[in-house]
Amino acid sequence: MAVVSNANLLSKYLDLDQGEKVQVEYVWIDALGQLRSKTKTVESVPQKASDLPEWNFDGSSTGQAEGHDSDVLMQPVALYNDPFRGGNNKFAICELFNPDGTPHKTNHRHACAKIMSAHADQKPWFGIEQEYMLFDPETSKPYGWPKHGFPEPQGKYYCGVGAGKIFGRDIVEAHYRACLHAGVNISGVNAEVAPGQFEYQVGPCEGIVMGDDLWAARYLLERVSEDFGICVSIHPKPIKGDWNGAGCHTNVSTLAMREEGGLAEIEKAINKMAARHNEHIAVYGEDNDQRLTGRHETGHIDQFSYGVANRGASIRIPRHVGKEGKGYFEDRRPASNIDPYQVTGIIIESIFLPE
Ligand code: ADP
Ligand code: MN
Ligand code: MN
Ligand code: MN
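Residues numbered from 1 in each chain as written. Chains lettered and ligands numbered in written order. Predicted model: local features only at pLDDT ≥ 70, side-chain atom pairs only at ≥ 80, totals over all residues. Heavy atoms only, no water.

**Concerning the environment of Glu-355**
With respect to the helices and strands, the residue Glu-355 is situated in the segment after helix H9 (340–351). Residues Glu-355 and Lys-272 lie 83 residues apart in sequence; the distance between their C-alpha atoms is 8.5 Å. Every residue in contact with Glu-355, bar those within four places of it in the chain, is listed here: Lys-268 and Lys-272. (Helix = DSSP H or I, 4+ residues; strand = E, 2+ residues; numbered from the N terminus. Contact = heavy atoms within 4.5 Å.)

Have a look at this one:
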């Protein structure tokens, strides 16, 4: 697909003085878990999300309302610097509400925030490893794959360096810097096992910030890739066959897990989560059964397992955590297309269930 924007031409206009006014992109999650956004001019630079006015959109156009009563209310809840417009311009992740003030059924942040504040004294930390695949919209194949046939089998691509191994590093770099500019707590990136597949890590983030920062990072990747004319897929099994699927490994710790003797706390938490394997799997992503086959570094979807340094288990305790006797665990089950609010929410809910 031809890139339809002309960066040089655009920069002439973006360099124009915009006065005191600020452009704020209101970002929300639609009925299919896709991102949507629209822009509002505000009179001064907002310092926090709650400085911004409530707004609305036409929910009948996003699968989120009926035509006869179509207004969905948007409440900005997390504020970031906008790397696309630059300057003092911002974007905000929004929560959605019905006209009567109740949370919209696609608003999973609301329940998550309640769980996080109920356990705020335990300072829950998360780090999510978002895997994704870039796609060429002209060929509908992963970016860099040949028009006919397949690339060489997996082996040389993971953390690869050099032509023929890496396709799309410019997008990865642009996204990384955009996250840093925005104020997203991105902690690293790497090329993944399948060609055209990458990962970025966000975290450690405390409580509700995990979901906010991951959605912000996803928004930034969609926008950066749009600039490059490339599509992003977070489907858990974007290519059938002997190619790795994509996950959102979710790393978790509480205060007690990070302190002396934390390993026992980690094991207690894992046992509680094991007892609710099916409830967890229910919110760990659509089509996750295509990915959690017990192959390609996954545990089988029907069976809970855990182990130190075991990448074929549902939950892995990193080797250094086992050795130090404290730290965090990694839930390897969540798929790349999860809603992080649901996943971090159910993990904390399960961990703190009474004995
Ligand atoms: P992997 O070895 O599984 O590929 P990564 O290095 O990609 O792991 O990701 C590990 C993630 O765990 C990072 O996002 C990091 O911020 C996060 N993390 C590190 N320490 C903790 C902790 N104590 N609690 C929660 N998350 C943590
Ligand atoms: Mn990783
Ligand atoms: Mn990975
Ligand atoms: Mn991992």
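**Looking at unusual backbone geometry**
In this model, Gly-203 is joined to Pro-204 through a cis peptide bond whose omega is -5 degrees. Topologically, Pro-204 is positioned in strand S9 (residues 197–206). Although it is not a glycine, Ser-140 adopts a positive phi angle of roughly 60 degrees. Mapped onto the elements of the fold, Ser-140 is located in the loop between strand S6 (125–136) and strand S7 (141–142). In this structure Ser-140 comes out as exposed when scored by relative accessible area, which is 58%. Here Cys-159, not a glycine, exhibits a phi torsion of approximately 55 degrees, which is positive. Here Cys-159 lies in the loop between S7 and helix H3 (169–182). The class of Cys-159 is partly exposed, set by a relative accessible area of 41%. (Buried < 20%, exposed > 50% of the residue type's maximum accessible area, 1.4 Å probe, protein only.)

**Quick look at empty space enclosed by the protein**
Tallied over the full model, the rule gives two cavities of 30 Å³ or more. Volume-wise, the largest cavity comes out at about 90 Å³. Along the walls of the largest cavity sit Ile-29, Ile-93, Cys-94, Glu-95, Leu-96, Thr-106, Asn-107, His-108, Arg-109, Asp-339 and Tyr-341, which together make up its complete lining. Tallying contributions element by element places strand S5 (residues 90–97) first for the lining of the largest cavity, with four residues. In this structure, the second largest cavity encloses a volume near 50 Å³. Looking at the second largest cavity, it is lined by 13 residues, and the ones nearest its centre are Leu-292, Gly-299, Ala-313, Ser-314 and Arg-333. (1 Å grid on protein atoms, 1.4 Å probe; cavity = no way out; pocket = protein on both sides within 12 Å on 5 of 7 lines; lining within 4 Å. Points joined across faces, edges and corners; volume = space filled by probe spheres on them.)

**Considerations on the environment of Ala-309**
Counting through the fold element by element, Ala-309 comes out in the loop between strand S12 (306–308) and strand S13 (315–317). Take Ala-309: its relative accessible area is 27%, and that puts it in the partly exposed class. Expressed as a C-alpha distance, the spacing of Ala-309 and Arg-319, which sit ten residues apart in the sequence, is 5.1 Å. Sequence-distant contacts of Ala-309, that is, excluding residues within four places in its chain, are made with Arg-316, Ile-317 and Arg-319.

**A look at the domain arrangement of the protein**
Per the domain assignment, the segments making up the protein are domain 1 (21–106) and domain 2 (118–351). Taking only C-alpha atoms into account, the centre of domain 1 sits 26 Å from that of domain 2. Across the contact, 14 residues belong to domain 1 and 16 residues belong to domain 2. Interface area, domain 1 with domain 2, both sides summed: about 1400 Å², of which 72% is carbon and sulfur. Linking domain 1 with domain 2 are zero salt bridges, by the criterion used here. The interface formed by domain 1 and domain 2 contains four residue pairs in polar contact (both at pLDDT 80 or more). Of all the secondary-structure elements, those providing two or more residues to the side of domain 1 that touches domain 2 are strand S1 (22–29), strand S2 (35–42), strand S4 (71–81) and S5. (Domains from an automatic or database assignment. Buried area = accessible area lost by both parts, 1.4 Å probe. Salt bridge = Lys/Arg side-chain N within 4 Å of Asp/Glu carboxyl O. Polar contact = N/O pair within 3.5 Å; in protein donor to acceptor, adjacent residues only side chain to side chain.)

**Quick word on the coordination of the manganese ion (ligand 4)**
Six octahedral donors at a metal ideally form angles of 90 or 180 degrees, and four tetrahedral donors ideally form angles of 109.5 degrees. Each protein donor to the manganese ion (ligand 4) is listed here as Glu-129 (OE), Glu-129 (OE), His-249 (ND1) and Glu-330 (OE); together their distances run 2.0 to 2.5 Å. Going along the chain, you hit the donors of the manganese ion (ligand 4) in the pattern E-x119-H-x80-E. Between the manganese ion (ligand 4) and the manganese ion (ligand 2), both coordinated by Glu-129, there is a metal-metal distance of 3.9 Å. Residue Glu-129 is found in strand S6, and its partner Glu-330 is found in strand S14 (residues 329–331); the two are separated by 201 residues along the sequence. Assessed through its relative accessible area of 15%, Glu-129 is described here as buried. (Donors = N, O, S within 2.8 Å, 3.2 Å for Na, K, Ca; no water.)

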